[in-house]
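Observations on chain architecture
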Amino acid sequence: MVDTTFTDALASKAPTPGGGGASAMAGALAAALGSMVAHLTIGKKKFLDRDAELKEALADFEACRAELLALIDADAEAFAALAATWKMPRETEDEQAVRHAAEQQALHAACDVPLRIMRACARVVEIDTYMAHNGSHLALSDAGAAAVLAKAALEAASLNVYINTSLMDDEAAACALEEESDALIAEAGRAADEVAAFVRSQIRR
């Protein structure tokens, strides 16, 4: 039942998929768990008063999952473009200048994808917060697991931002990218921790 294509590729010596792709996959799994919680809640008599909100949450989870799955390939493409600059000729000063300029341009795209992964994961946490407090108690542990996975994906993706900003000449741009990443970790990470803590308080004896 389990398709190991992605994990086999991840485990290989190929540079992609790597940490960025794995982050996106983890975020997609978090979104999928959130969708499961919604599916197990929608239509039940006890929750009919919030049917519209639950269906909206489900649609949002599915949109996040689709985006995160697409970002797996986007991350590989961004890395390939960056790696291509490292293979450019650099025998002369002119060649070195051209290579460096190409690398700097590619670094921005290489930061953009993991930031998009982080934003999507933050959205998953936001929707999951609603689900944890409004979904079926029978699926509460899954809502908690979704929050934990989304936070892990968020933090893992941030490492791909930082490794690329560390190579940027444009300090102002690098700082802006790092500040957004830090803010996403602080805000969404805290929210994810709150969901996990709430779930534990509800399901433990």
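In the annotation of an unreviewed UniProt entry, the protein chain is listed under the name Sugar ABC transporter substrate-binding protein and assigned to Slackia faecicanis.

What follows is about the state of the cysteines. What the rule picks out here adds up to zero disulfides. Summary of cysteine pairing: Cys111 is not part of a disulfide, and the nearest cysteine sulfur, belonging to Cys175, is at 12 Å.

As a further point, take the environment of Ser181. The topology assignment puts Ser181 in helix 6 (residues 171-203). Sequence separation of Ser181 and Val161 is 20 residues, and the distance between their C-alpha atoms is 7.6 Å. Residues contacting Ser181, with those up to four places away along its chain left out, are Leu115, Met118, Ser158, Val161 and Tyr162.

We now examine the packing of helix 2 (residues 19-41) against helix 4 (residues 93-134). Relative to each other, helix 2 and helix 4 sit at 25°, their axes nearing to 10 Å. Relative to helix 4, helix 2 is oriented roughly parallel. Every pair of crossing elements has a handedness; the one defined by helix 2 and helix 4 is left-handed. Every residue of helix 4 that contacts helix 2 at Gly20, Ser23, Ala24, Gly27, Ala30, Ala31, Val37, Ala38 and Thr41 is listed here: Ile117, Cys121, Val124, Met131 and Asn134. Residues of the contact of helix 2 with helix 4, tallied by class, amount to nine nonpolar, five polar and no charged.

The next thing to look at is the packing of helix 4 against helix 6. For any two helices packed against each other, the geometry comes down to the angle between their axes and how far apart the axes lie. In contact at an axis separation of 9 Å, helix 4 and helix 6 are set at 25° when each is read in the N-to-C sense. Between helix 4 and helix 6, the angle falls in the class roughly parallel. In the packing of helix 4 onto helix 6, the handedness of the crossing is left-handed. Across from His108, Cys111, Leu115, Met118, Arg119, Ala122, Val125, Asp128, Thr129, Ala132 and His133 in helix 4, the residues of helix 6 making contact are Ala173, Leu177, Glu180, Ser181, Leu184, Ile185, Ala188, Ala191, Ala192, Val195, Phe198 and Val199. Across the contact of helix 4 with helix 6, the residue classes break down as 16 nonpolar, four polar and three charged.

What follows covers the pattern of salt bridges. The tally for this structure, following the rule as stated, stands at eight salt bridges. Residues Lys55 and Asp51 are paired through a salt bridge, measuring 3.0 Å at the closest nitrogen-oxygen approach. Of the two residues, Lys55 and Asp51 are both situated in helix 3 (residues 51-86); the distance of four residues between them amounts to about one turn of the helix. In this structure, the salt-bridge partner of Arg123 is Asp60, at a minimum N-O distance of 2.6 Å. Here Arg123, found in helix 4, pairs with Asp60, found in helix 3; they are 63 residues apart in sequence, far enough to count as distant. Looking at Arg123, the relative accessible area reads 29%, which means it is partly exposed. With a relative accessible area of 22%, Asp60 lands in the partly exposed category.

What counts and how
- Residues numbered from 1 in each chain as written.
- Predicted model: local features only at pLDDT ≥ 70, side-chain atom pairs only at ≥ 80, totals over all residues.
- Heavy atoms only, no water.
- Disulfide = S-S within 2.5 Å.
- Helix = DSSP H or I, 4+ residues; strand = E, 2+ residues; numbered from the N terminus.
- Contact = heavy atoms within 4.5 Å.
- Axes fitted to C-alpha atoms, helices over the stretch in contact; angles between N-to-C directions.
- Parallel < 35°, antiparallel > 145°, perpendicular 65-115°, else oblique.
- Left-handed = near helix turned anticlockwise from the far one by under 90°.
- Nonpolar A, V, L, I, M, F, W, Y, C, P; charged D, E, K, R; others polar.
- Salt bridge = Lys/Arg side-chain N within 4 Å of Asp/Glu carboxyl O.
- Buried < 20%, exposed > 50% of the residue type's maximum accessible area, 1.4 Å probe, protein only.

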